[in-house]
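Survey of secondary and tertiary structure
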Amino acid sequence: MILIGLALILLALFGAPLFVIVSASALIGFYHADIPLMAFANEFYRIADMPILLAIPLFTFAGYLLSESEAPGRLVRLTRALFGWVPGGLAIIALMACAMFTAFTGASGVTIIALGALLYPALAEAGYDEKFNLGLITSAGSLGLLFAPSLPLILYGVVAEISIDQLFIAGVLPGMLMLVLLGGWSVWSNRSIRVPLGSFSWSEAGAALWESIWEIPLPFVVLGGIYSGYFAVSEAAAVTALYVLIVEVLIRREVSLQRLPSVMRESMVLVGGIMVILGASLASTNVMIDAQIPQKLVGFVEQYVSSPLTFQLLLLLFLLVLGAILDIFSALVLVVPLILPVAAQYGMHPMHLGIVFLATMQLGYLTPPIGLNLFISSYRFEKPITQVYLSTIPFFLILLISVLIITFLPALSLVFLGE
Amino acid sequence: MTVGRLLDRLEQTGRLAEDTAVVLMLGAMIALAALQIILRNVFDTGLIWADQLLRIMVLWVALLGAVAASRDDKHIRIDILGRLLPPKAKQVTDLVLHLFTATVAAVAAWFALALVLGERQYGGTLLADMPAWIFQAILPIGFTLIAYRYLVFFFRDAYKLATGKTQS
């Protein structure tokens, strides 16, 4: 059994698709427990029992379609017109635009491709240092993770079986904290550079607003609808998908009807990749629960860790390593079922755990060897990966500080939940 | 040559069918979900079977998406050691991984088929009298197509390795 486990880990490290590793371990687990292997298919079929999952393909499609249109350019122009007069404005604009875009497109790396290409030259033109720009864009590419309606937040709600509406509220302050700290550092580190302040122009603001007239209602409908309780999350996703489809394809015609099917297919490649791991993990989690692995894990950890403080420190360390080797979606479906009961033992609220989990995993986007953002930036801006990595270090440290604050100040996540 | 051409045609038709299926499924999902919201909010009514059908469509789109990801070999993976290998060794490990993936997917497909056949015999129904096994059928279909893709990768790469050619 241990040998098989080691072999599977080795195959995973050599690059076997993760869903295959998870499926194989579930199948082997059922076989050992004398459970008919049909159980695997039965567990996988439970995907059809989770109404909230509808939100995942719909939001992903809407996000892909938005990034294929010229909406990213309009978003940059609009934030620039509205906030360009603030000191350090352009850096802050980059952070805000990236956070907003990532929340809608699900932290799949499209932010760097869609927005980075616009912001990177703009930053250089405004006199910012190349190393700073590279680091800023690379780290901002996963910044909106904690804001509704980001895909990882939804997936955490699914796996932990807690209210996604509440998770959306829990993420607001921690997400803002990251934005504020990164923004503050951007202003401070560029204090010596005399970037000419843009002045606020009513006519430019008006023109930018007018240009984005079709996209502006989107965040209000989605966030307003969800936060007010008017829409369920999956309903908001359906409205978003249909609205974006009508606006970008039929009204603006920025994505042609001929191009539409391949955008649909591409977005479903990502969805299929995530969901097939989720389906397999439903089976593997079942195997682990039958073998009482979560209880054993709780017992094991309790033996060595007595205080909640030590537990949280160890958890952070574990999540940092996890984030460096596993992508956020796989980590969510595979690890959350295991650490939820352990965290509960130390009095950690499941909402708080979720925010800490995602915030820490966000750092994983910036850590070698698999940090997705590093590769996308390196590819997109044609810079060696080591240079990209070095440029992100100050941003990484600031995000690490935010993660520490988020972890040890649970109120930040829980204050609006009325708990 | 003619057999080759026939296989080519078959492959092309298969690709078109896969792409059409995933696009239509997503399109139908958006349309049905939107229709349901309009009915609920404007006409204060709703289709009773729509929510269940939508959940099943999510399963279908998930597997069709996974089939698409398999064709592009774009599944989520870790791959720390693989990229450190010299090209020749990487070719060999890839061969093992393709065969392993095809085998696991085939096993999953086989037992999914058993589930579907069992359900058919049992005669369970969903959505007002539709046989339930039809909705489950995507499981064996999806895993079979994934297994097929990786088997094709295996033979393609084995051929490359054996002949030292880069074109198949």
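Residues numbered from 1 in each chain as written. Chains lettered and ligands numbered in written order. Predicted model: local features only at pLDDT ≥ 70, side-chain atom pairs only at ≥ 80, totals over all residues. Heavy atoms only, no water.

1. What to know about the overall build of chain B
The helix and strand tally for chain B stands at five helices and two strands. Each helix and strand of chain B, ordered N terminal to C terminal, gives the series α-α-α-β-β-α-α. For chain B, whose C-alpha radius of gyration is 20 Å, the value lies well above the compact-globule estimate of 15 Å for 168 residues. Projecting the C-alpha coordinates of chain B onto the three principal axes gives extents of approximately 65 × 40 × 35 Å. For chain B, with 168 residues in total, the buried portion stands at 42%. (Helix = DSSP H or I, 4+ residues; strand = E, 2+ residues; numbered from the N terminus. Rg over C-alpha atoms; globule rule 2.2 N^0.38 Å. Buried < 20%, exposed > 50% of the residue type's maximum accessible area, 1.4 Å probe, protein only.)

2. What to know about the overall build of chain A
Across its full length, chain A holds 22 helices and zero strands. Compactness check: chain A gives a C-alpha radius of gyration of 22 Å against a globular reference of 22 Å for 419 residues, within 12% of the reference. Across its three principal directions, the C-alpha atoms of chain A cover 70 × 45 × 45 Å. Counting only contacts in chain A whose residues sit at least 6 apart along the sequence, the fraction spanning at least 24 positions is 79%. When the accessible surface of chain A is summed, it comes to about 16,500 Å², and 70% of that surface belongs to carbon and sulfur atoms. (Contact = heavy atoms within 4.5 Å. Areas by Shrake-Rupley, 256 points an atom, 1.4 Å probe, with all protein chains shown as cover.)

3. Some words on the packing of aromatic side chains
Applying the stated rule across the entire model yields 13 aromatic pairs over all chains. Ring centres 5.3 Å apart and planes at 70 degrees place the aromatic pair F154 of chain B and F155 of chain B in the edge-to-face group. Linked through ring pairs, Y128, F132, W185 and F395 of chain A together constitute an aromatic cluster. Note that R120 of chain B overlies the ring of W133 of chain B, its terminal NZ or CZ placed 4.8 Å from the centroid. (Phe/Tyr/Trp six-rings, centres within 6.5 Å; stacked < 30°, edge-to-face > 60°. Lys NZ or Arg CZ within 6 Å of the ring centre and 35° of its normal.)

4. Focus: the interface of chain B and chain A
With 56 residues of chain B at the contact, the number on the chain A side is 59 residues. The largest per-residue losses of area from chain B upon contact with chain A belong to I30, I76 and I78 of chain B, which jointly make up 14% of the total buried on that side. Summed over the shared surface of chain B and chain A, the number is three salt bridges. With a shortest N-O distance of 2.9 Å, R40 of chain B and E235 of chain A are connected by a salt bridge. Where chain B meets chain A, there are nine residue pairs in polar contact (both at pLDDT 80 or more). For the side of chain B that touches chain A, the secondary structure elements donating two or more residues are helix 1 (2-42), helix 2 (50-71), helix 3 (87-122), helix 4 (132-136) and helix 5 (138-163) of chain B. Considering each element in turn, the side of chain B that touches chain A owes the most residues, 13 residues, to helix 2 of chain B. Tallied by class, the residues present in the side of chain B that touches chain A amount to 39 nonpolar, eight polar and nine charged. (Buried area = accessible area lost by both parts, 1.4 Å probe. Salt bridge = Lys/Arg side-chain N within 4 Å of Asp/Glu carboxyl O. Polar contact = N/O pair within 3.5 Å; in protein donor to acceptor, adjacent residues only side chain to side chain. Nonpolar A, V, L, I, M, F, W, Y, C, P; charged D, E, K, R; others polar.)

5. A short note on the pattern of salt bridges
All names here are of chain B. Throughout the structure, instances matching the rule amount to 22 salt bridges over all chains. R149 is the salt-bridge partner of E11, the closest N and O atoms lying 3.1 Å from each other. Of this pair, E11 sits in helix 1 while R149 sits in helix 5, placing them 138 residues apart in sequence. Residue E11 is classed as partly exposed on the basis of its relative accessible area, which comes to 22%. Using a relative accessible area of 5% as the deciding quantity, one classes R149 as buried. Residues D51 and R40 are paired through a salt bridge, measuring 3.5 Å at the closest nitrogen-oxygen approach. Residue D51 is found in helix 2, and its partner R40 is found in helix 1; the two are separated by 11 residues along the sequence.

6. Comments concerning the packing of helix 18 (residues 328-345) of chain A against helix 19 (residues 350-364) of chain A
For any two helices packed against each other, one specifies the inter-axial angle together with the distance between the axes. Residue and element names in this part refer to chain A. Their axes nearest at 11 Å, the elements helix 18 and helix 19 cross at an angle of 140 degrees. Judged by the angle between their axes, helix 18 and helix 19 are oblique. In this structure, the crossing between helix 18 and helix 19 has a hand that is right-handed. Facing I328, A331, L332, V335, V336, I339, L340 and A343 of helix 18, the residues of helix 19 in contact are P350, L353, F357, L358 and M361. Tallied by class, residues from the contact of helix 18 with helix 19 come to 13 nonpolar, no polar and no charged. (Axes fitted to C-alpha atoms, helices over the stretch in contact; angles between N-to-C directions. Parallel < 35°, antiparallel > 145°, perpendicular 65-115°, else oblique. Left-handed = near helix turned anticlockwise from the far one by under 90°.)

7. Brief notes about the nonpolar core
F40 and F357 of chain A together with F143 of chain B are the most contacted members of the largest nonpolar core, which has 202 residues in total. Among the elements that make up this core, the one with the highest residue count is helix 15 (residues 260-290) of chain A (15 residues). Every residue in contact with F357 of chain A, bar those within four places of it in the chain, is listed here: L319, L322, A331, L332, V335, V336 and I339 of chain A. (Core = buried A, V, L, I, M, F, W, Y, C linked by side-chain atoms within 4.5 Å.)

8. Remarks on the environment of M50 of chain A
On the secondary structure map, M50 of chain A appears in the loop between helix 3 (38-44) and helix 4 (55-68). Owing to a relative accessible area of 16%, M50 of chain A belongs among the buried residues under this scheme. Contacts of M50 of chain A, omitting those with residues within four sequence positions, involve V158 and L282 of chain A together with R55 of chain B.

9. Overview of the confidence of the model for chain B
All names here are of chain B. In this model, chain B carries an average pLDDT of 90, and 97% of its residues clear a pLDDT of 70 or more. Looking across chain B, the model is least confident in strand 1 (residues 125-126), with a mean pLDDT of 80, and most confident in helix 2, with 95. Interface confidence for the predicted complex, expressed as ipTM, amounts to 0.92; the pTM equals 0.89. (pLDDT = per-residue confidence, 0-100.)

10. With respect to helix 1 (residues 2-13) of chain A
With 12 residues, helix 1 of chain A extends 17 Å between its outermost C-alpha atoms, agreeing within 8% with the 16 Å of an ideal straight helix rising 1.5 Å per residue. Taken together, the buried residues of helix 1 of chain A touch helix 2 (18-32) of chain A together with helix 3 of chain B. (Expected span 1.5 Å × (residues − 1).)

11. Quick look at the side chain of S378 of chain A
Residues and elements named next belong to chain A. Examined against the element boundaries, S378 turns out to sit in helix 20 (residues 372-380). Within the structure, the side chain of S378 is placed 2.9 Å from the backbone oxygen of K383, a separation counted as a polar contact. In this structure, S378 is in contact with K383, P384, I385 and V388, ignoring residues within four places of it in sequence.

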